[in-house]
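# Structural features, examined
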Amino acid sequence: MRNLKLLKSLRSSELQGPGSPQCLAVRADTGSLLVASHYSITEYDPRTGQVVSEASLTAEGFLPEDGSGMVVGLQDLAELESACLGTAGGDVVLFNFNTCQLECVGSVDSGLTSMTWSPDEELVVLTTGQETIIMMTKDFEPITEVGIHQDDFGEGKFITVGWGKKETQFHGSEGKQAAQRKTQPAAAWDDRTPRVTWRGDGQLFAVSAVCLQTGARKVRVWNREGVLQATSEPINGLEQALCWKPSGNLIAITQRHPNKHSVVFMEKNGLLHGDFTLPFSKDQAKVKDLLWNSDSTVLAVWLEDMTAGEDEQVNTSIQLWVVGNYHWYLKQSLDFSRDSQKAPVCVCWDPERPLRLHVVTRSWISVTYDWGWTTGRSPGLDATDNANVAVIDGDKILVTNFRQCVVPPPMCSFELQLTSPVNQVTFLCQPQRTNQLAALTSDGQISVYSQGGFACLVAMTAITRMNESGIYQFFHIHVVNLGLCTVCFYFRSEIEVDGVVVSMIHCSQTGTVALQLEDGRIRKLCWDRPEPSVEDWRDSSGCAINFPVPCVQTALGSISGEEYLFGLTDRSHLYAGDTELASNISSFAVCNDFLLITTHSHTCRCLQLSVLSVKGLQAALASDGGQNDETLRRVERGSRIVTVVPQDTRVILQMPRGNLETVHHRSLVLAQLRKWLDSLRFRDSFECMRKLRINLNLMYDHNPKVFLENMETFITQLNSISHINLFLTELKEEDTTGTMYPRPECSPAQAQPVSGQKKVDVVCDALRSAMESMDPNKFFLSILTTHVKKSVPELEVALQKVHELRVNPPDAPGSVSAEEALKYLLFLVNVNDLYEHSLGTYDFDLVLMVAEKSQKDPKEYLPFLNMLKNLEPNYQRYTIDKHLKRYRKALHHLSKCGEEHFREALLLVKEQKLYSEALRLYPTDGAHYKALSCAYAEHLMEQQQAEQAGLLLWRCGEPAAALQAFASSSSWRNAICAAQQIPLPPDQLALLARDLAEKLTEQRRFSEAALLLDQYAKVRSSAARSCWIKWLPMKQLTAFLEAQVATFTRHRTRLAVVREQKEKARLDMLDDDGPDCPDAELYSEASSVMSGSKYSHSNSRISSRSSKNRRKAERKKLSLKEGSPMEDRALMYALGEILTTVDKMRVHSALKALVLFQFDKQAEKLQLAYDDALQTMEAAVPEVWPEGLQNSQAPLTGPNSTANSIMASFQQQQRPAASQGQHNV
């Protein structure tokens, strides 16, 4: 959907000579023109207007002096630094550029009718007056000479299987007469000379010549060795124009039909393959020549009227045709005046610049046209812009409204019919009016169209033109609407520009108008001043900015708040001002603060300009992108950007063959979603995310606090049970803003509103609370979903609500029934799981309701349920819990079933190892407790935990068994106490002491063995409890632990406040004094620690101190007083000390003593308090000692550092880490 835009046309009239030009060629190395006339050959540079070299053809006798001679071919030979020309008289002449000498390298007696060189300049084909073809090498050595007219078809002759003759075949609507119809001879104006054209690879060439028998033209294809390959079938109306497409197998020829004039395409086998119709009747004009450009994208058709006008002059024109999606578009039409002196006599494409066309008129005026590809898209940035794209197709403008629909070309939303071919189209750059367009036609008229339907015309030769002094002038046209159908144009201002303007771009947001000159210079048009002027484009530092090379496509955009002019060259280089961003760009567009590009590596990038610098853009375009890089996506090979729908997520791409594809680029989608979520447009966000398969967790993760505060707004906007349920079912704990959809660098991270709670639980609870307060009956299914979706599904609660709904059905309209609710619940949860959870509620009505909705056979569950109903309630619940493998609950219910079921309970405890739970269920002074303790002790003995087994046996009144357990575990103090409680005789006690001492000696516990032998080897009597290790009283331990936790929490809170104050002060100083302020770093945590240290200076007194004195001096500088310079360091040190103190508390010994003497509740309370303290401190470690802080505290090194200062700095960093390590141990 691209158009050809005329960038510049260079007209030069300095070239003059006798006669008129006949042949034209372009020197590829210098870009100068070679013009051969009836008298001479001239090398001319159109850029400087000077004749480089010239030689007379008549002086050497190659052409007659009366001007009747003719040059039939001209070719630049770069390797020989010469030009080769052929004359009708038969001479082949070389013109040396260095010496300006002419040399005849060969001659043909019968004369020459054409001379054509191969694209690689290795071969030359000459057609002679005797209707022969001579093929020669570049050294002019003959290869072969054959006749043009051959009776044989060629080597590619078709194979026939004899299925009838041509006369008996079907010929369509023409009937049988088509088989007997003779081929019509060539047109009367045909010059009847052979035409030769080469394929782009130089392997084949085609010759069009008038057949001697029929008088009609016939095309023959020859290979590089001069062997005939194929001959075209007889075709009526073939004309002389012939050109082989450089990159392809199609030969373009013109054909005159009874009712139309067409350009047809022929394959190398001589068969026709496609065509398009020229926009005039068959006898209106004749095609003088067809010319493909070097990259095969544009076909030039050189036309001349058949009949003269009233002034007896004929009109000449050149049309440029482009194909897309199998449709041929007329993109440009160059109309020359009826003056024969201004009519072109030589036309050729530039071999190096594909879109440059050279024209030389009869009066020796040379005109060079430079075109560029452009897309006529509306430049609007708001929702009123329809994302219109205008495509030029002759005298029609095909407009497609991409906001409403995507219509594949060549179709469109609507057509605008004009009276003349259109050469240029543009849209208005004013807010709210960007759907209006203006068209410039080939006859110099401007047509303006708007959505209201009015159209107006104004006669004008050009908007930008060069005056007589060579200075370009810019005319600002103002449009005034005088009524419903009357529109007036007038020139508002005229501004001179010191150069050739090749492009102009206007930004409706800033009002900036940028001009690009032919050499890449950028100018800013200040047209809103009383005296409009043109000035240099400058950056924020005042330096002039220009493109290094001219660009064919330009656009204005702001990078980090500074306006830049983007430009794309024909060599795929993208520039922002004078900075090259990338070198593999195929297309780009700027829309809504985004730069979208497609690359030759088949990717589409979308970069937000407001958050990137120029260097950031370069780095982003140079990177390959990560796994979750939202700025990058793969596209089809050769894709180009057509347009971007403003305030939307759609990007329209066109493929090389012409079809369109609509993609929703992830960057545009996420940017639009973030805007909608910030403005609380939850419904628009939800619809977009559902359609484009964006994870719905983003609705919460984008800003959790705002989402939870506007929960009722979210429910009201969605207003759909299915949509709310879809959102709930997609919830997961992952933060999508950190994984799938990373936040932009400029946006701050949103903190979780509820710490310590899981995200899914928070959202489910908040949604359920809001729905229950709004309309619990309407949102009943969604409320069930919130119970099921929680991290620990609340299936019992959901089933209970369904049961209540069944018992008390609501009368409100729109309420769901219990059957519908249960059916929905079965959709969310597996039926077997739901059946088991319903059984766990001990509600048999609910169980039956679930079972009836399942696929279970009643024979499977009815006997079991009937059996349960006949049991005692506690034993019934025990049976259900055991069936559901909820053994703890089963034990709890079984303990209430009485004495007769204790043996079953003991068996359950042993099987499931529920000893601790069982001991809590029975009184400590009962026989059941003793039996459970003995069973537990046996289990502990099997687990090699003899000491704990002994404690249990001792407390349940089994000192003899406890003595054996203590003795086996070498717990000698407990063993002596148990022995004295039995009591053992003195000799047996001494024997026990000696046995225990022997075991202690084997374990290298010599001091304990010596103490044991000294005190208990003889008879000693003392109380059992006096032998126990001294331990801190329970109340003192608990109070001390609570005090440490309170102090830790207070210091932790104060540390966060101090760090926040220092960071704020540092940022304020940076804002006031700039980034080079020497005091700014004093406010960071790392530097505040370092700045307080004096070890960075050489000091003999410090080096002489002992390590103990150094630590003491360091601690003196740490003050917990609020506002002290190193308060944060002091707080960190104090927190580390608390961690070490709590970790070293001998709680284990105290717990054993409490358990031994049956203070179970006090032991449990102490253990829970200690666990809570450890968890609190462990959770605070990353906050108090963050990883970044530890990394930033590098040892002080440098030329002014000493060994002592480096060591002291290192020790300062290791102290918090050591405290953390001790806590973890």
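- Per an unreviewed UniProt entry, the protein chain carries the name Elongator complex protein 1 and comes from Sander lucioperca.
- UniProt annotates the protein chain under Sequence similarities (unreviewed entry) with the comment "Belongs to the ELP1/IKA1 family."

## Thoughts on the environment of Ile715
- Note on placement: Ile715 falls in helix 7 (residues 711-718).
- Residues Ile715 and Met774 lie 59 residues apart in sequence; the distance between their C-alpha atoms is 9.4 Å.
- Each residue touching Ile715, except ones within four places of it in the same chain, is listed here: Ile724, Leu767, Ala770, Met771, Met774 and Phe779.

## Observations concerning empty space enclosed by the protein
- Enumeration over the complete set of coordinates arrives at three cavities of 30 Å³ or more.
- By volume, the largest cavity amounts to about 90 Å³.
- Lining the largest cavity we find Cys591, Asn592, Phe594, Val644, Val645, Gln647, Asp648, Leu668, Ala671, Gln672 and Lys675.
- In terms of residue count, the dominant contributor to the lining of the largest cavity is helix 3 (residues 666-678) (four residues).
- For the lining of the largest cavity, the class distribution of residues is six nonpolar, three polar and two charged.

## Overview of helix 9 (residues 759-774)
- Given a rise of 1.5 Å per residue, 16 residues ought to cover 22 Å, and the 23 Å separating the end C-alpha atoms of helix 9 matches this to within 8%.
- Structurally, helix 9 contributes buried residues whose contacts are with helix 5 (698-701), helix 6 (704-709), helix 7, helix 8 (721-729), helix 10 (780-789) and helix 11 (795-807).

## Thoughts on the pairing of strand 22 (residues 285-292)
- With seven of eight residues buried, strand 22 is to be regarded as a mostly interior element.
- Sheet topology note: the strand 22/strand 23 (residues 299-305) ladder contains seven bridges and is antiparallel. Residue Leu291 lies in a different strand from strand 23, and its bridge partner there is Ala300.
- What sits between strand 22 and strand 23 in their antiparallel hairpin is a turn of six residues, with Ser296 showing a positive phi close to 65°.

## Looking at the sheet that holds strand 52 (residues 640-644)
- Across the sheet, three strands lie side by side as 52-53-54; this open sheet has antiparallel pairing. Single-partner strands in this sheet number two, and they are strand 52 and strand 54 (660-664). Averaged over neighbouring strand pairs, the angle between their axes works out to 30° when direction is ignored.
- In terms of strand pairing, strand 53 (residues 650-654) meets strand 54 through five bridges, oriented antiparallel.

## Let's talk about the packing of aromatic side chains
- Across all of its chains, the model carries 21 aromatic pairs by this definition.
- Centre to centre, the rings of Trp198 and Phe205 are 5.0 Å apart; their planes meet at 45°, and the pair counts as tilted.
- With relative accessibility at 1%, the residue Phe205 sits in the buried group.
- Sitting over the face of the ring of Trp373, Arg2 holds its NZ or CZ atom 4.4 Å from the ring centroid.

## Considering the packing of helix 9 against helix 10
- Their axes nearest at 9 Å, the elements helix 9 and helix 10 cross at an angle of 160°. Relative to helix 10, helix 9 is oriented roughly antiparallel. Taken as a pair, helix 9 and helix 10 cross one another with a handedness that is left-handed. Contact with helix 9, carried on its side by Val760, Cys764, Leu767, Arg768, Met771 and Glu772, involves Ser782, Ile783, Thr786, His787 and Lys789 of helix 10 and no other residues of that element.
- Across the contact of helix 9 with helix 10, the residue classes break down as five nonpolar, three polar and three charged.

## Let's talk about unusual backbone geometry
- Cis geometry is found at the peptide bond from Pro409 to Pro410, where omega equals 5°.
- Tracing the chain through its elements places Pro410 in the loop between strand 31 (396-401) and strand 32 (414-417).
- Looking along the chain, the bond that leaves Ile982 and enters Pro983 is cis, with omega of -10°.
- Residue Phe140 is not a glycine yet carries a positive backbone phi of 65°.
- What makes Phe140 buried here is its relative accessible area of 13%.
- One non-glycine residue, Ala387, lies in positive phi territory at about 55°.

Definitions and limits used
- Think of each chain on its own: its residues are numbered from 1, step by step along the sequence as written.
- Note on the predicted model: pLDDT of at least 70 is required for a residue's local features to be given, and 80 or more for side-chain atom pairs to be given and counted; whole-chain, interface and lining totals, by contrast, use all residues.
- Values shown for side chains rest on all heavy atoms present in the structure; no hydrogens or waters enter the calculation.
- UniProt positions are given in the numbering used here, feature names are shortened, and annotations may be inferred rather than shown by experiment.
- Where helices and strands are cited, they refer to DSSP runs of H or I of at least four residues and of E of at least two residues respectively, numbered from the N terminus.
- The contact rule is simple, with two residues in contact once any of their heavy atoms fall within 4.5 Å.
- The rule is simple: put a 1 Å grid over the protein atoms alone, call a set of points where a 1.4 Å probe fits but cannot get out a cavity, call an open set with protein on both sides within 12 Å along at least five of seven lines a pocket, and count a residue as lining if it has an atom within 4 Å of a point.
- Grid points are joined across faces, edges and corners, and a volume is the space filled by probe spheres set on the points.
- Only Asp, Glu, Lys and Arg are considered charged in this grouping, and only Ala, Val, Leu, Ile, Met, Phe, Trp, Tyr, Cys and Pro are considered nonpolar; every other residue, Gly among them, is considered polar.
- Multiplying 1.5 Å by the residue count of a helix minus one yields the expected span of that helix.
- Buried residues are those whose accessible area, probed at 1.4 Å on protein chains only, stays under 20% of the maximum for their type, while exposed residues exceed 50% and partly exposed ones sit between those limits.
- Only strands that DSSP links by at least two bridges are regarded as paired with each other.
- Convention adopted: a line fitted to C-alpha atoms gives each axis, helices being fitted over their contacting stretch, and angles between N-to-C directions are expressed from 0 to 180 degrees.
- Ring pairs are drawn from Phe, Tyr and Trp, using the six-membered ring of Trp, whenever the two centres fall within 6.5 Å, and their geometry is named by plane angle: stacked under 30 degrees, edge-to-face over 60, tilted for the rest.
- Charge-over-ring placement is defined geometrically: NZ (Lys) or CZ (Arg) within 6 Å of the ring centre, and within 35 degrees of the ring normal.
- These descriptions rest on fixed angle ranges, namely under 35 degrees for roughly parallel, over 145 for roughly antiparallel, 65 to 115 for roughly perpendicular, and the rest for oblique.
- Whether a crossing is left-handed or right-handed is set by the direction in which the near helix is turned from the far one by less than a right angle, anticlockwise for left-handed and clockwise for right-handed.

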